[in-house]
Amino acid sequence: MKTLVVYPSKELLYVASTLGGEVVALVFNEGEAEAIKGKAHRVVVANVDARLPDAVAEAAAKVAQGVDVVLLPSTKNGKTVGGLLAQRIGAELIVDATSLRVEGGALKAERYVFGNKAVATVEVPLPAVATVPPGRFQGEPPAVQTSVEKLQLDTAPKTRIVSVEEKARGAVKLEEAEIIVSVGRGFKKKEDLQMAFELAKVLGGQVGCSRPIAADLKWLPEEHWVGLSGKKVKPKLYLAVGISGQPQHIAGILESRIIAAINNDPSAPIFQNADYGVVEDLYKIVPILINKISKLKGQ
Amino acid sequence: MKIAVLIKTALDTSQLRVRDTVVVEETPLKISDIDRNAVEEAVKLKGQDKAYGVTVLKWGPLQRRIQEAENVLREALAMGLDEAYLVADEKLINASHAATAKAIAAVVKKVGADLVLAGEATVDNYTGQIPPRVAAELGWPVVTYVRELKVEGGKLVARRDLEDHVEVVEVPLPAVVSVTREINQPRIPTLLAIRAAMKKPINKLTLADLGISVEPKVSAAYKPLLMQRKKVVIKDGTPEEKAEKLIQYLKQEGVI
Ligand SMILES: Cc1cc2nc3c(=O)[nH]c(=O)nc-3n(C[C@H](O)[C@H](O)[C@H](O)COP(=O)(O)OP(=O)(O)OC[C@H]3O[C@@H](n4cnc5c(N)ncnc54)[C@H](O)[C@@H]3O)c2cc1C
């Protein structure tokens, strides 16, 4: 058994160690190699730009010879490299694997499919490629002896990065939030979101949102966006306010401990996906909640 | 510019047929939403040249799905594509992603293209792997998650929407590009366009027509995910009383 980890993190190296056998990591500079010393048996430092999926896939294909499983993070570049590499080595790619094991010459994995309305159990022959969603597996890779080697590639990449713009970012880390008050199109104006921020504040939580609020209306930056194409969150309380509860939104909140919802339409699908639902106009009930909860906390 | 657009006839996940497992064969198909954005972008960029759709049928049963796929492709033709290629072959039903990508690339090689456009991911499986796979198969560069696209003198300039930043990249043509839903607003075809689309060709192909063979299928089982939620709905009383009830429940759960 031999596993290659591309864009290694502690989490990915841990998952690789659970598969057993040798763990090889592919990194793109000496600093990264230094950081994972003792966590993989072999570290290969390739002289390619980590931001270029074509170049990374090229390097990974070189290192992947004789490898049984390749693991990558479920980032956009991770998934892109995964697709490129999988096609080059004639392997299947399992994206966003929620469980992984190797048995009888096959990689067995589970993942959510069909708008997260079903779980697929897939079995693919080795070699196989998989991407792992961040925060899914937690553990420490065991300490091992590490050998470091260099990989020199001389193909010139066709893609040129012209510029990089940072996205507007606040202090929002939804993936780590314990309480999330999430807003949807039930809010009529941008200014009204203030209510949700206040409620989140008295609860000691953060504010999330549905896709239209971030992508179409642009009332909040994308870091607040929850769902299939946004953040996957797992708070102990997810309070959805004025969100209808379409499957693509639910896809991001499956692992919440308690889901509560406020919606004035009793037939809104969110009520089928919530532990506690309140049928009420958010404009009436949210101020009351702010008031009551701040009193409660003040005690 | 000659453009191929990948169009997936995806399972309509809002109409999943569920018994002990998901009954894929009975679940209707629809166009994978983000592919509409890819079609729109192709129609905008093609100029005097042609833009065509490529569909490889993945979900069976084959015979019934052909009709459903034709309906989906008519929709894309009504939006402005000039023709479509539908690869329907028993060997591609539930095939590996590697096989699907190989079949798509074979169509692109046969018909020719300067650019392949696709959605960032398909609504049923949501993996986004087909665009890079097709690129690898063709030996072309790939640019994924693009929210803005320009063509300037044989080169593409694209804005990629990544997790924490937007990256502007430049690649030579031919290339494969996957687009996000933010790239444009897909047009709603007019009645006239819908009628005109009935006359546009949908070319049906098999693996034999493409001169390729594919590997054995992949085994997958789909179990419906049952929402284990309490579904307590508070609907009686004044807003004040409802708020109080909600707070009581959340306190009982120990989450506030
Ligand atoms: C490929 C794809 C990916 C997607 N990815 C995502 C994703 O990652 N995240 C996401 O969220 N969506 C995603 N979507 C979009 C999703 O399908 C829905 O369109 C979206 O979630 C709806 O957002 P919403 O609930 O805010 O708006 P709406 O569906 O418009 O719902 C608004 C709700 O507010 C309620 N309401 C109105 N007024 C009040 C009031 N005064 N008081 C209380 N309630 C009120 C209404 O009853 C309604 O239920 C995706 C779609 C596709 C096709």
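Parameters at a glance
- Each residue is numbered by its place in its chain's sequence as written, counting from 1.
- Key to labels: chains lettered from A, ligands numbered from 1, both in the order written.
- Only residues with pLDDT of 70 or above have their local features reported here, since the model is predicted, and side-chain atom pairs are shown and tallied only from 80 upward, although totals for entire chains, interfaces and linings are computed over all residues.
- As a rule here, side-chain values come from all non-hydrogen atoms in the structure, and water together with hydrogens is ignored.
- In these notes, residues near a molecule or strand are those with any non-hydrogen atom within 4 Å of it.
- Think of a polar contact as two N or O atoms within 3.5 Å of one another; within protein, one of them needs to be a possible hydrogen donor and the other a possible acceptor, and neighboring residues in sequence only count if both atoms come from side chains.
- Surface accessibility follows the Shrake-Rupley procedure with a 1.4 Å probe radius. Residue values consider only the protein chains on display as shielding.
- In DSSP terms, a helix is any run of H or I states spanning at least four residues, a strand is any run of E spanning at least two, and both are numbered starting from the N terminus.
- Fitting a line to C-alpha atoms yields each axis, with helices limited to the stretch in contact; the angle taken between N-to-C directions then spans 0 to 180 degrees.
- Here roughly perpendicular refers to angles of 65 to 115 degrees, roughly parallel to angles under 35, roughly antiparallel to angles over 145, and oblique to all remaining angles.
- For any helix crossing, the convention is left-handed if the near helix is rotated counterclockwise from the far helix by under a right angle, and right-handed if that rotation is clockwise.
- In what follows, residue pairs with any heavy atoms lying within 4.5 Å of each other are defined as contacts.
- Classification used: nonpolar for Ala, Val, Leu, Ile, Met, Phe, Trp, Tyr, Cys and Pro, charged for Asp, Glu, Lys and Arg, polar for all others including Gly.
- Domain limits in this description derive from either an automatic procedure or a database domain assignment.
- Accessible surface is computed with a 1.4 Å probe, and the buried area is the amount of it that two parts give up when combined, taken over both parts together.
- Every case where a carboxyl oxygen of Asp or Glu lies within 4 Å of a side-chain nitrogen of Lys or Arg is listed as a salt bridge.
- Each Phe, Tyr or Trp ring (for Trp, its six-membered ring) is paired with any other whose centre lies within 6.5 Å, and the angle between the two planes then decides the class: stacked below 30 degrees, edge-to-face above 60, tilted in between.
- A simple rule labels every residue: compare its accessible area, found with a 1.4 Å probe on the protein chains alone, to the largest value its type can have, and call it buried under 20%, exposed over 50%, or partly exposed in between.
- UniProt positions are given in the numbering used here, feature names are shortened, and annotations may be inferred rather than shown by experiment.
- At least two DSSP bridges between two strands are required for those strands to pair.
- Residue types Ala, Val, Leu, Ile, Met, Phe, Trp, Tyr and Cys, when buried and joined through side-chain atoms within 4.5 Å, form a set referred to as a nonpolar core.

### Focus on the site of the ligand
If you check the shell around the ligand, you find 30 residues, and the closest are Ser 210, Ser 229, Ser 244, Gln 248 and Asn 263 of chain A. One finds residues of chains A and B in close proximity to the ligand. The separation between an oxygen atom of the ligand and a polar main-chain atom of Gly 230 of chain A is 3.3 Å. In this structure, Asn 263 of chain A approaches the ligand through a side-chain N or O atom, which is 2.7 Å from an oxygen atom. Bound to the protein, the ligand loses 86% of the 980 Å² it would expose on its own. Elements represented by at least two residues in the shell around the ligand include exactly helix H6 (211-216), helix H7 (247-250) and helix H8 (282-298) of chain A together with helix H1 (33-45) of chain B.

### A closer look at the packing of helix H3 (residues 53-63) of chain A against helix H4 (residues 76-88) of chain A
Residues and elements named next belong to chain A. One way to put it is that H3 packs onto H4 with a least axis distance of 9 Å and a crossing angle of 45°. Classed by the angle they form, the pair H3 and H4 counts as oblique. Both H3 and H4 take part in a crossing whose hand is right-handed. Packed against H3, whose contacting residues are Pro 53, Asp 54, Val 56, Ala 57, Glu 58, Ala 60 and Ala 61, the element H4 presents Asn 77, Thr 80, Val 81, Leu 84, Leu 85 and Arg 88 at the interface. Tallied by class, the residues present in the contact of H3 with H4 amount to eight nonpolar, two polar and three charged.

### Things to note about the domain arrangement of chain A
Residue and element names in this part refer to chain A. Its domain assignment divides chain A into domain 1 (2-151) and domain 2 (174-297). In this structure, domain 1 and domain 2 have C-alpha centres spaced 34 Å apart. Across the boundary between the two partners, domain 1 contributes seven residues, which contact six residues of domain 2. The contact between domain 1 and domain 2 buries some 530 Å² in all, and 48% of this surface belongs to carbon and sulfur atoms. Linking domain 1 with domain 2 are one salt bridge, by the criterion used here. Here Arg 136 and Glu 255 are joined by a salt bridge, their closest N and O atoms 2.5 Å apart. Scanning the region where domain 1 abuts domain 2 turns up four residue pairs in polar contact (both at pLDDT 80 or more). Taken together, the residues that form the side of domain 1 that touches domain 2 break down as one nonpolar, four polar and two charged.

### Points about the packing of aromatic side chains
The description of an aromatic ring pair uses the distance of the two centres, along with the angle that the planes make with each other. Counting across every chain of the model gives seven aromatic pairs over all chains. Note on Phe 187 of chain A and Tyr 283 of chain A: the rings are 6.4 Å apart at their centroids and 55° apart in plane angle, and the pair reads as tilted. Of this pair, Phe 187 of chain A sits in the loop between strand E12 (179-183) and helix H5 (193-203) while Tyr 283 of chain A sits in helix H8; the two residues are 96 residues apart in sequence, bridging distant segments of the chain. Geometrically, the ring pair formed by Tyr 52 of chain B and Tyr 85 of chain B is edge-to-face, given 5.5 Å between the ring centres and 80° between the ring planes. Taken as a pair, Tyr 52 of chain B in strand E4 (residues 51-56) and Tyr 85 of chain B in strand E5 (residues 83-87) lie far apart in primary sequence, 33 residues in all. For the pair formed by Tyr 52 of chain B and Tyr 85 of chain B, the shared burial category is buried.

### Focus on the environment of Asp 82 of chain B
All names here are of chain B. Checked against the element boundaries, Asp 82 lands in the loop between helix H2 (62-78) and E5. Classification of Asp 82 as partly exposed rests on a relative accessible area of 27%. The spacing of Asp 82 and Asp 49 is 33 residues in sequence and 9.4 Å in space, taken between C-alpha atoms. In this structure the side chain of Asp 82 is engaged in a polar contact, spanning 3.0 Å, whose partner is the side chain of Lys 46.

### What to know about the UniProt feature "domain: Electron transfer flavoprotein alpha/beta-subunit N-terminal" (unreviewed entry) in chain B
Mapped onto this numbering, the UniProt entry annotates "domain: Electron transfer flavoprotein alpha/beta-subunit N-terminal" (unreviewed entry) at residues 20-214 of chain B. End C-alpha atoms of residues 20-214 of chain B are separated by 31 Å, and the span's content is 33% helix alongside 28% strand.

### Notes on the sheet that holds strand E5 (residues 93-94) of chain A
All names here are of chain A. Sheet architecture is open: seven strands sit in the order E5-E9-E4-E1-E2-E3-E10, paired in parallel fashion. The outermost strands of the open sheet, each flanked by one partner alone, are E5 and strand E10 (147-151). Two elements, strand E3 (residues 42-46) and E10, share five bridges in a ladder whose sense is parallel. From the neighbouring strand, Arg 42 faces E10, where its bridge partner is Ser 147. Strand contacts of H3: strand E1 (2-6), strand E2 (22-27), E3 and E10, with the helix running at about 155° to E2, the strand carrying the most contacts. Strands strand E4 (69-73), E5 and strand E9 (128-132) of the sheet are contacted by H4, whose axis makes an angle of about 155° with E4.

### Structural notes on the nonpolar core
Ranked by internal contacts, the top residues of the largest apolar core, which has 114 residues, are Val 6, Leu 26 and Phe 114 of chain A together with Leu 81 of chain B. Per element, the largest residue contribution to this core is nine residues, and it comes from helix H3 (residues 97-111) of chain B. In contact with Phe 114 of chain A, other than residues within four places in its own chain, are Leu 11, Thr 13, Leu 16, Val 22, Val 24, Trp 59, Asp 124, Asn 125 and Tyr 222 of chain B. In this structure, Leu 203, Cys 209, Trp 219 and Leu 239 of chain A belong to the second largest nonpolar core, which totals 39 residues.

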